[in-house]
Structure formats: structure tokens, C-alpha cells
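If you want the building blocks of each chain, they are given just below.
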Amino acid sequence: MHNNLITDLLDLPDLVATELIQTEEYLTFIVDYKTDHVKCTICGKKADNVHDRRPQSIQDVPFRDKKVVIKIVKKRYSCKHCGKRAIPKNLKSIPGYSRKTERFKFYLLKQTDGRDYSRVARENDLSYTSIKNSVNTQIDTMIEKAQLKTLDKVEAISIDEFAIKKKHKYAVALTDPINGKLIEVLSSRKKKDLIEYFNSWPKKLREKIKYFSMDMWSPYKAVAETVFPNAKIVVDKFHLVTAINKALDKLRIKEQKKQTAANRKKFYKSRLTLLMAGEKLDDDGHQRLIEIFKLSPVLEKAWELKEEFRDLLQIPDVKESIQALNHWYENVSQSKLNLFYRAKGTVKRWEQHIINYFETRITNGFAEGLNNKIKLIKRIGYGVPKVENLKRRVYLSLLSI
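Residues numbered from 1 in each chain as written. Predicted model: local features only at pLDDT ≥ 70, side-chain atom pairs only at ≥ 80, totals over all residues. Heavy atoms only, no water.

The biggest cluster of nonpolar side chains holds 59 residues, and the ones touching the most others in it are Phe198, Trp201, Phe212, Trp328 and Phe340. Here the element with the most residues in this core is helix H12 (residues 297–312); it accounts for 6 residues. When near neighbours in sequence (up to four residues on either side) are disregarded, Trp328 contacts Ile244, Leu305, Glu308, Phe309, Leu312, Phe340, Lys344 and Val347. By size, the runner-up hydrophobic cluster in this structure holds 26 residues, among which are Phe104, Tyr117, Ala146 and Leu370. (Core = buried A, V, L, I, M, F, W, Y, C linked by side-chain atoms within 4.5 Å. Buried < 20%, exposed > 50% of the residue type's maximum accessible area, 1.4 Å probe, protein only. Helix = DSSP H or I, 4+ residues; strand = E, 2+ residues; numbered from the N terminus. Contact = heavy atoms within 4.5 Å.)

Before going further, it helps to examine the side chain of Ser296. Looking at the element boundaries, Ser296 is found in the loop between helix H11 (283–295) and H12. Of the polar contacts made by the side chain of Ser296, one reaches the side chain of Glu255; its length is 2.8 Å. Leaving out residues up to four positions away in the same chain, Ser296 has contacts with Glu255 and Phe267. (Polar contact = N/O pair within 3.5 Å; in protein donor to acceptor, adjacent residues only side chain to side chain.)

On the surface, a cluster of positive charge is contributed by Lys246, Lys250, Lys254 and Arg342. Top contributing element to the positive patch by residue count: helix H8 (residues 237–256), with 3 residues. Under the relative-accessibility criterion, Lys254 is labelled partly exposed at 48%. (Patch = residues over 30% accessible without salt bridge, like charges linked within 9 Å, V, L, I, M, F, W, Y side chains within 5 Å. Areas by Shrake-Rupley, 256 points an atom, 1.4 Å probe, with all protein chains shown as cover. Salt bridge = Lys/Arg side-chain N within 4 Å of Asp/Glu carboxyl O. Lys, Arg positive; Asp, Glu negative; His and termini not counted. Charge placed at Lys NZ, Arg CZ, Asp CG, Glu CD.)

Looking now at the pairing of strand S8 (residues 156–165). Summarising burial for S8: 9 of the 10 residues are buried, a large majority. For S8 and strand S11 (residues 211–214), the ladder comprises 3 bridges, and the chain directions are parallel. When the sheet's bridge partners are listed, Ala156 is paired in S11 with Tyr211. As paired elements, S8 and strand S9 (residues 169–176) share 7 bridges and run antiparallel to each other. Paired with Phe162 across the bridge in S9 is Ala171. (Pairing = 2+ DSSP bridges.)

Moving on, we come to the state of the cysteines. Throughout the structure, instances matching the rule amount to 0 disulfides. The thiol of Cys43 is unpaired, and the distance to the nearest cysteine sulfur, on Cys79, comes to 3.6 Å. Cys40 supplies the cysteine sulfur nearest to Cys82, a cysteine that is in no disulfide, at a spacing of 3.5 Å. (Disulfide = S-S within 2.5 Å.)

Count 3.6 residues to each turn of an α-helix, and residues three or four apart come out pointing the same way. Here helix H13 (residues 318–335) spans 26 Å end to end across 18 residues, near enough to the 26 Å set by a 1.5 Å rise per residue. Looking only at H13, the buried set comprises Ser321, Ala324, Leu325, Trp328, Tyr329, Val332 and Ser335. Down the axis, H13 shows its buried residues gathered within 150° of arc, on one side only. Seen from the open side of H13, the exposed residues pointing more than 90 degrees away from its buried face are Lys319 and Gln334. Structurally, H13 contributes buried residues whose contacts are with H8, H12, helix H14 (338–349) and helix H15 (351–360). Residue Asp317 occupies the N-cap position of H13, its side-chain oxygen lying 3.2 Å from the main-chain nitrogen of Lys319. Downstream of H13 by one or two residues, Lys336 has phi in the positive range, about 55°. (Expected span 1.5 Å × (residues − 1). Arc of directions from axis to C-beta.)

Here we take up the sheet that holds strand S10 (residues 181–186). Strand order in the open sheet made by the 5 strands is S10-S9-S8-S11-S12, with mixed pairing throughout. Two strands lie at the open edges of the sheet, namely S10 and strand S12 (232–235), each paired on one side alone. Adjacent strand axes in the sheet meet at a mean angle of 25° when their direction is disregarded. This element, H15, spans S11 and S12 of the sheet and lies at about 90° to S12. (Axes fitted to C-alpha atoms, helices over the stretch in contact; angles between N-to-C directions.)

So, about the pattern of salt bridges. Inspection of every chain in the model, using the stated rule, returns 23 salt bridges. One salt bridge in this structure joins Asp32 and Lys75, with 3.8 Å as the shortest N-O distance. Of the two residues, Asp32 is situated in strand S2 (residues 26–33) and Lys75 in strand S6 (residues 66–78); the sequence distance between them amounts to 43 residues. Residue Lys75 is classed as buried on the basis of its relative accessible area of 10%. Measuring nitrogen to oxygen at the nearest pair gives 2.6 Å for the salt bridge that ties Arg103 to Asp60. Here Arg103 is found in helix H2 (residues 102–111), whereas its partner Asp60 is found in strand S5 (residues 49–63), with 43 residues between them in sequence.

Next comes the structure, spelled out in C-alpha cells:
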């Protein structure tokens, strides 16, 4: 008999509840179809003769800290008008042969955001494989929809690699730096693989890309020139600063070796302070720098060049930015610091693409933030060695669900 109170509690539109059984751990709903017939798939008339029955247990979203099970006798019907047999009853809330309701699948999807699959499986009395298959099916559909929506608006692409296995295997994240959206996570950063991927895009889409933001790695430049004929290549400012910081740190190591044992410790303890943005230094940081600069005037000169380079990247006017860059070149030449002279050479080689940054102010900022999120996801998932699974977890953390 249909129980209105239990049916309202169940809240599944195509089912009615006839009984609720409670135990310490479970709530079990005994249910039946709201309408006991189907439309014949051949003649279109009402088919209400039961062909066969099959009992099934379906897991639903927990309620008040209890696991929920729905028990139903699924039926297939036969049509007395045309003779069609074994017509299934399609339910919106419980598709096909699924052992889970749609809302329970969505519940599991949310549970796995930022959590290990094994833990979610244990909490819900499910196998790891069951969780993985359920979540992957849903997230893949969501990814496809998100990608189509992002590519419809994209005008700029940012490319940035991250380590799957340090010094051995790298993957790349492709993002839209203007709208702050993830486009794709690819398992290879090789030139031929990237070209093959981008060539799978429609030509019209590739021709509408105006900007390609990247670090100073020649294969990326070759990819952009091959597949995006109308795109300006923009060197990311964060990678520019990193290149200058490397020169400064190498000089710090060189100067550190010249010092006494006690002073070497001062240089080592100041390594991060040296690389920090000048405006973020506190009083202690300034004092540490003053002490080592007294011991190494060339390190002070190098630090000033690093800060000058950082400052010129902040100048809003394009013409003034170019003038400041030329002035920095002169100061590097006058400093006679070989490590910075090499850094200057790198900047010179990429100068036009740095000027493109001055003109567009496009950066890999969103991609860098995404890389931090990827590191966190890898820690939670104990590495997540498969790029495809990592991609799903990254999208899950970004999509609003």
C-alpha cells in the first residue's frame, strides 16, 4: 500500500514507497512504480501486462547518519496490442541496471572532491572500483561540457608544465588566462604531441587564438608558430623573474664559498630573503640583507638588478617599460657580473615576446595557481600517477558541483 509520508521522505519522482524498515545502520525503503505500465516501443500503445519481474537493491544518499537502501521489484512488460515483449520501465532516478540512484552518484562525486577514493569507498561500503567508475563516468561528462563552453570563448592560451614524476615525467596544463579556465591536461609536453593535439582543433578555432602565453622554452614557441598563425607569443613574467632569481642565487652560492664558516651560515640562511620581493621584506629581512651585503658588495649589486627587473615589469606604459628594459641592459653591462650578463642574453633573445607582455599584460598566473592545486591533489591521492585520473580530480576541484 502506498504510504504518502514515506514517499515524501524518499523524494524520488517516479517511485512510491510502501514500507520503511529501520535498523541501527540502515534505512530500507520498499518501493514500487508510480505508474504500473509503459508505452509500447513498437505501436506506441499502453502495455500493462507484466512479462517478468526482477528484485533489485539500490543504494541511495545516506540519511541521518544511516545508509539508505531502496528495494524494488523491477518489471518488464508485454503489449497485448502488437505482441512486443520484454519492454523495460525506464526510471529517471535509477537508470538501467544501476545499483545506485542518480543523486547517490552525485553525492559520491562531491565526496571525492579533495579526498582519497579508498576512504570514500570504505565510508559507503563500496569497492574502490565502484567509486572510481561512478565518479569517472560523471566527471568525464562534466569535463566535456566545460571544455566546449571554454573553447567557445577562448582567445588566449597559456601553457605550463608540471611534474608527474620529478625529473622524469612532465605533463602540461592548458588554460585560458583571460577568463581563468582550464582547457585541458595533457600527458606529454613533446612538440610533436602538442602539435598533434592542437591540430585536432577546428582550423577556425585555431585562427581565432590571439595570444599564446608560455615560459622561455623553444619547443612551446615552435608549437605556437605551427598551429596558431594569428597568435602573439607572450613570455610569462613569472618565468622571467625566476630566470633572474636563478642568476642571483648562483651568485649567492659563489660568494658564500668565499666566506668564513660563520658567515657562510648567514649567506645560506638569507637565500630565500634574497629572492623575496623587496616590498615584502620585514625589518629582520632587511637587516639580514644589510649584513651579507657588507660582506659581498657584488651580491648587493646583483640584488638591485633583480629588483630593478621586477620593477620594470610593473610599469603600465608600454613605451616606458621598453625604456626601462634598455636601461636595465645598460646596468647589467656596467655591473660586469657574468651570471647576470648571461641572464641578459636570455632576456634579449626573447625580447619581442617580452614586449608582447608589456602590450597585453597576459600572464600564466592562473596556470601557476592551478599547479599549486595539482600538487595538493597529488598529495591527497598519493601521487595520482595517471594523468587522466589527475585531470579528473583537477576538474572536480574547479567545477561548481
